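Residue strings, one per chain:
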Amino acid sequence: MKEATYDVIISGAGPVGLFLACELALAKCRVLILEKTDNPYSPLKQLPFGIRGLSAPTIEALYRRGLLSELEIHKRLKNPHTTAVQQGPRRQVGHFAGIPFHEGDIDISQWKHRLPSSTETNLITEMEEIETVLTRRAEVLGVEIKRGLALTSLHQTEDGVTVQSDEQSFHSLWLVGCDGARSIVRKAGGFEFAGTEPEFTGYSTKVDIVDPEKLKPGRNLTKEGMYLQSQPGFIVIQDFDGGAFHNSEKPITLEHVQEVLRRISDAEVTISALHFATTWTDRARQATSYRNGRILLAGDAAHIHSPLGGQGLNLGLGDAMNLGWKLAATIHGKAPNGLLDSYHTERYPIGAQVLDWSRAQVMIMKPNPESRALNSIIRDLMDTQDTATYMAGRVWGIFTHYDLGGTNPLVGYSVPNFEFEDGRKIGEFMIDGQGILLDFDTNPSLKTLANEYGNRIKYVSGRAKEQLGLRSALIRPDGIIAWASEGEPDLQSARQEASLWFTQLIS
Ligand SMILES: Cc1cc2nc3c(=O)[nH]c(=O)nc-3n(C[C@H](O)[C@H](O)[C@H](O)COP(=O)(O)OP(=O)(O)OC[C@H]3O[C@@H](n4cnc5c(N)ncnc54)[C@H](O)[C@@H]3O)c2cc1C
């Protein structure tokens, strides 16, 4: 067997590859990232095109690993889709298919597991900022990042994976493809990528327009598609051409953008300069398995869909948070049976929901009478409290959970950010990525149970300001509640649940 230089090679230093690398390095794995591009900077990663809405699970993940405070931009720009003119209860805080929902319509008391001490539910950052913060953290943790090296081929055996990049080859125990929508790892790794074909070509452009007053401000559904002018000169267009232009890979010329914009807006505007343009589609596909032997996929490599509603980054970072500790435990020989496969079992349905969410939006944006009829019904419903609360809950990931069984309704959900009487919050105990046995009653038997797992489970006790009826809970390293008790804890069930996720010191 060839000696592996690395525990894990990650293909792609996008946000998902970087965050996964941080999780693995935190758990003392040797990680190499191969990144195709030399230069991590691009106008596409900066405002306004690089703007990314972060949802509750992402914000919690960054907070729990001490990274949230490093994101500067969120301190200035709270809530996606908010503009200076919209303040007060009618402030737009998100949208579904371009139909806004407003802060004042959302009833947060319906979100039972969110506490006053919880993190924000939605913030924005830009791609460049999040990648910079994650790169810095990865390097501090000892991750090796080689830029300007694209993974071109791979070969896996029972013991490991060898990858090729230019003339160089690298060997590791595991390979994770975080190399985006056109992932080579996915293609060369034998993964099936199933789904639906696009309805439209989307354009993100920066242009100079001679007669901008001919365009309406904001988002406009027209009889041909949609155009959005977020700031003067920054124009997003949806042309329902079945994705033909994007697929043609033709150059995006000024003349072409002008023709599309005129047709979609039905306004004879004249573009005098095209500074920047890129296209995208609503193709929605998902790997039917996130694991093939020693090769795994995460982020856009595992699932693609339209950027409507801004979910892809959140979905990918959720993959990384779920996978990191499981793969690390497997590498260290400390994973109970089936732990690594639970990555696919848990994350695939979440990905499928996001794909469907984006498909549903496309369906009611289509320029046909049936779609427009449905669109106007959703628009009416959006002004009701229940719809706005539901939409916000979906868009911000409030309802995200895994089906882990269990009798307590909190099992499978992200742990509420309980605040102890001394002011500390449970999220602050998660910085090192260990599991936690949370005990509001300081029960000696639970402390003994945690001790049986050494540093894999940290015992945290004390009264919290609000306990949501709980007396104890077992929290996985990704912040998910695996077991919870409202009464005197049933030690046998706590012990059984702990053994599903962690291995004891001597077992
Ligand atoms: C217009 C637009 C708006 C969006 N808005 C939002 C939003 O508000 N919220 C949200 O959650 N998501 C949003 N998204 C989606 C989000 O940007 C992506 O889902 C996210 O960037 C995926 O991260 P990733 O790390 O998986 O892939 P990527 O960001 O694509 O990174 C992949 C990396 O792999 C590298 N790579 C590729 N091939 C190779 C190779 N062979 N070898 C080595 N390296 C390779 C690439 O250079 C790149 O650095 C938006 C997307 C678009 C297009």
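As shown above, the structure is provided for reference.
Keep in mind the model is a prediction, meaning the values are calculated, not measured.

Hey, could you go over the overall build of the protein chain for me, with residue numbers and the actual values?
What the protein chain contains, in helices and strands, is 13 helices and 24 strands. A compact globule built from 507 residues would reach a C-alpha radius of gyration of about 23 Å, and the protein chain, at 24 Å, matches this within 12%. Reported as C-alpha extents along the three principal axes, the dimensions of the protein chain are approximately 75 × 60 × 40 Å. Counting across all 507 residues of the protein chain, residues that qualify as buried make up 56%. Accessible area of the protein chain: about 21500 Å², with a carbon and sulfur share of 52%. Each charge class in the protein chain can be summarised by its mean position, and for the 52 positive and 62 negative side chains these summaries are 1 Å apart.

Go over the layout of surface pockets with me, naming the residues and quoting the values.
As a volume, the second largest pocket reaches approximately 810 Å³. Sorting the residues of the lining of the second largest pocket by element identifies helix 2 (56–64), helix 8 (312–331), helix 9 (342–363) and helix 11 (385–395) as the ones contributing at least two each. At 9 residues, the largest contribution of residues to the lining of the second largest pocket is made by helix 9. By residue class, the composition of the lining of the second largest pocket is 20 nonpolar, 16 polar and 8 charged.

I'd like a description of the side chain of Gln258, backed by residues and values.
Its place among the elements puts Gln258 in helix 7 (residues 254–265). Among the residues examined, Gln258 registers a relative accessible area of 14% and is labelled buried. Within the structure, the side chain of Gln258 is placed 2.7 Å from the backbone nitrogen of Ile271, a separation counted as a polar contact. Among residues more than four places away in sequence, those in contact with Gln258 are Val269, Thr270 and Ile271.

Tell me about the site of the ligand, and name the residues and values.
Every one of the 27 residues lining the ligand counts as a neighbour, but Glu35, Arg52, Gly53, Asp300 and Leu313 are closest to it. At 2.8 Å from an oxygen atom of the ligand is found a side-chain nitrogen or oxygen belonging to Arg52. In this structure, Leu151 approaches the ligand through a main-chain N or O atom, which is 2.9 Å from a nitrogen atom. Mapped onto the shell around the ligand, the elements with two or more residues apiece are helix 1 (15–26), strand 2 (31–35), strand 3 (51–55) and helix 8.

Please provide a residue-by-residue account of empty space enclosed by the protein, values included.
With the rule as written, the count across this model stands at 2 cavities of 30 Å³ or more. The space that makes up the largest cavity amounts to roughly 50 Å³. Lining the largest cavity are Glu60, Tyr63, Arg64, Ser118, Thr119, Val415, Pro416, Asn417, Ile426, Gly427 and Met430. Split by residue class, the lining of the largest cavity holds 5 nonpolar, 4 polar and 2 charged. Empty space within the second largest cavity amounts to approximately 30 Å³.

Outline the environment of Thr270, supporting the account with residue identities and numerical values.
Here Thr270 lies in the loop between helix 7 and strand 16 (271–281). With 59 residues separating them in the primary sequence, Thr270 and Asp211 have C-alpha atoms 6.5 Å apart. Setting aside anything within four residues of it in sequence, one finds Thr270 in contact with Asp208, Ile209, Val210, Asp211, Gln258 and Arg262.

Lay out the nonpolar core in plain terms, naming residues and giving numbers.
Counting residues in hydrophobic clusters, the biggest one holds 65 residues, and the most contacted among them are Ile10, Phe19, Leu24, Val163, Leu175, Val176 and Leu327. Apart from residues lying up to four places away in sequence, Leu327 is in contact with Val8, Leu24, Trp174, Val176, Leu296 and Leu340. Core analysis: the next-biggest nonpolar cluster, separate from the first, contains 42 residues, Leu339, Leu474, Ala484 and Ala494 among them.

Give a detailed account of helix 1, specifying residues and quantitative values.
Its 12 residues give helix 1 an end-to-end C-alpha distance of 16 Å, which sits within 8% of 16 Å, the value for a rise of 1.5 Å per residue. Of all 12 residues that make up helix 1, 11 are buried, and the element is covered over most of its length. Among the residues making up helix 1, those that are buried are Pro15, Val16, Gly17, Leu18, Phe19, Leu20, Ala21, Cys22, Glu23, Leu24 and Ala25. Taken from the residues just after helix 1, Lys28 is the one with a positive phi, measuring 65°.

Let's hear about the sheet that holds strand 16: which residues, and what values?
With respect to topology, 5 strands assemble into an open sheet ordered 13-14-15-12-16, the strand pairing being antiparallel. With partners counted over all chains shown, the strands left at the sheet margins are strand 13 (218–221) and strand 16, one partner each. Strand-to-strand twist of the sheet, defined as the mean angle between neighbouring strand axes without regard to direction, takes the value 15°.

For the side chain of Glu23, give the residues involved together with the corresponding values.
Structurally, Glu23 can be placed in helix 1. Here Arg65 takes part through its side chain, which lies 2.8 Å from a polar atom of the side chain of Glu23. With near-sequence residues (within four places) excluded, Glu23 lies in contact with Arg65, Ala320, Met321 and Gly324.

Go over the packing of helix 1 against helix 4 (residues 127–140) with me, naming the residues and quoting the values.
Relative to each other, helix 1 and helix 4 sit at 25°, their axes nearing to 9 Å. Classed by the angle they form, the pair helix 1 and helix 4 counts as roughly parallel. Helix-helix and strand crossings are classified by hand; for helix 1 and helix 4 the assignment is left-handed. Contact residues: helix 1 offers Pro15, Leu18, Phe19 and Cys22, while helix 4 offers Met127, Ile130, Glu131, Leu134, Thr135, Arg137 and Ala138. Its residues placed into classes, the contact of helix 1 with helix 4 shows 8 nonpolar, 1 polar and 2 charged.

I'd like to hear about the pattern of salt bridges, residue by residue, with values.
Evaluated as defined, the whole model comprises 30 salt bridges. We note a salt bridge from Lys366 to Glu199, for which the minimum N-O separation is 3.2 Å. With a gap of 167 residues between them, Lys366 in the loop between helix 9 and helix 10 (369–382) and Glu199 in the loop between strand 11 (193–196) and strand 12 (201–209) connect regions that are remote in the sequence. Since its relative accessible area comes to 25%, Glu199 is described here as partly exposed. The residue Lys458 makes a salt bridge to Asp432 at a minimum N-O spacing of 3.1 Å. You can see Lys458 sitting in strand 22 (residues 457–461) and its partner Asp432 sitting in the loop between helix 11 and strand 21 (435–439), a full 26 residues away along the chain. Take Asp432: its relative accessible area is 32%, and that puts it in the partly exposed class. Taken together, the shared-partner salt bridges connect Lys326, Glu346, Arg476 and Asp478 into one network.

Any details on the pairing of strand 1 (residues 6–11)? Residues and values, ideally.
Of all the 6 residues making up strand 1, 6 are buried; the element is thus mostly covered by neighbouring parts of the structure. Sheet topology note: the strand 1/strand 2 ladder contains 4 bridges and is parallel. In the sheet register, Ile10 faces strand 2, and the bridge partner there is Ile33. One crossover worth recording links strand 1 to the parallel strand 2 by way of helix 1, and it is right-handed.

Cut-offs applied
- Throughout, residues of each chain are indexed from 1 in the direction in which the sequence is written.
- Where local features are concerned, this predicted model is filtered to residues with pLDDT of at least 70; where side-chain atom pairs are given and counted, the filter is 80 or more; whole-chain, interface and lining totals use all residues.
- The side-chain values count all of the structure's non-hydrogen atoms but skip hydrogen atoms and water molecules.
- Comment: elements are numbered from the N terminus, with helices defined as DSSP H or I runs of at least four residues and strands as E runs of at least two.
- We compute the radius of gyration from the C-alpha atoms alone; for a globule the expected value is 2.2 Å times N to the 0.38, where N is the number of residues.
- Burial classification: accessible surface area is computed with a 1.4 Å probe over protein chains only, and a residue below 20% of its type maximum counts as buried, one above 50% as exposed, and the rest as partly exposed.
- Only the protein chains shown count as cover for residues, and the accessible areas themselves come from Shrake-Rupley with a 1.4 Å probe.
- Note that His is not counted, nor are the chain ends; the positive residues are Lys and Arg, and the negative ones are Asp and Glu.
- All charge positions are set by atom: Lys at NZ, Arg at CZ, Asp at CG, Glu at CD.
- Site definitions follow a grid-based scheme: protein atoms alone, a 1 Å grid, a 1.4 Å probe that fits but cannot get out for cavities, and for pockets an open set with protein on both sides within 12 Å along at least five of seven lines, plus lining residues having an atom within 4 Å of a point.
- Grid points are joined across faces, edges and corners, and a volume is the space filled by probe spheres set on the points.
- Throughout this entry, Asp, Glu, Lys and Arg are counted as charged residues, while Ala, Val, Leu, Ile, Met, Phe, Trp, Tyr, Cys and Pro are counted as nonpolar. The remaining residues, Gly among them, count as polar.
- Polar contacts, as used here, are pairs of N or O atoms within 3.5 Å; protein pairs need one atom able to donate a hydrogen and one able to accept it. Residues neighboring in sequence count only if both atoms are side-chain atoms.
- Pairs of residues are marked as contacts when any of their non-hydrogen atoms sit within 4.5 Å.
- Near residues are defined by distance, with any heavy atom within 4 Å of the molecule or strand qualifying the residue.
- As used in this record, nonpolar core signifies buried Ala, Val, Leu, Ile, Met, Phe, Trp, Tyr and Cys residues forming a set joined through side-chain atoms within 4.5 Å.
- Multiplying 1.5 Å by the helix residue count minus one yields the expected span of that helix.
- Paired strands, as defined in this entry, are two strands with at least two bridges between them according to DSSP.
- Angles run from 0 to 180 degrees between N-to-C directions of axes, and those axes are lines fitted to C-alpha atoms, restricted for helices to the stretch in contact.
- Note on terminology: angles under 35 degrees are roughly parallel, angles over 145 are roughly antiparallel, angles of 65 to 115 are roughly perpendicular, and the others are oblique.
- Helix crossings get a hand from a simple test, with the near helix turned counterclockwise from the far one by less than a right angle marking a left-handed crossing and a clockwise turn marking a right-handed one.
- A side-chain nitrogen of Lys or Arg and a carboxyl oxygen of Asp or Glu constitute a salt bridge if their distance falls within 4 Å.
- Look down the strands so they point away from you; if the path from the first strand over the helix to the second goes clockwise, the crossover is right-handed.

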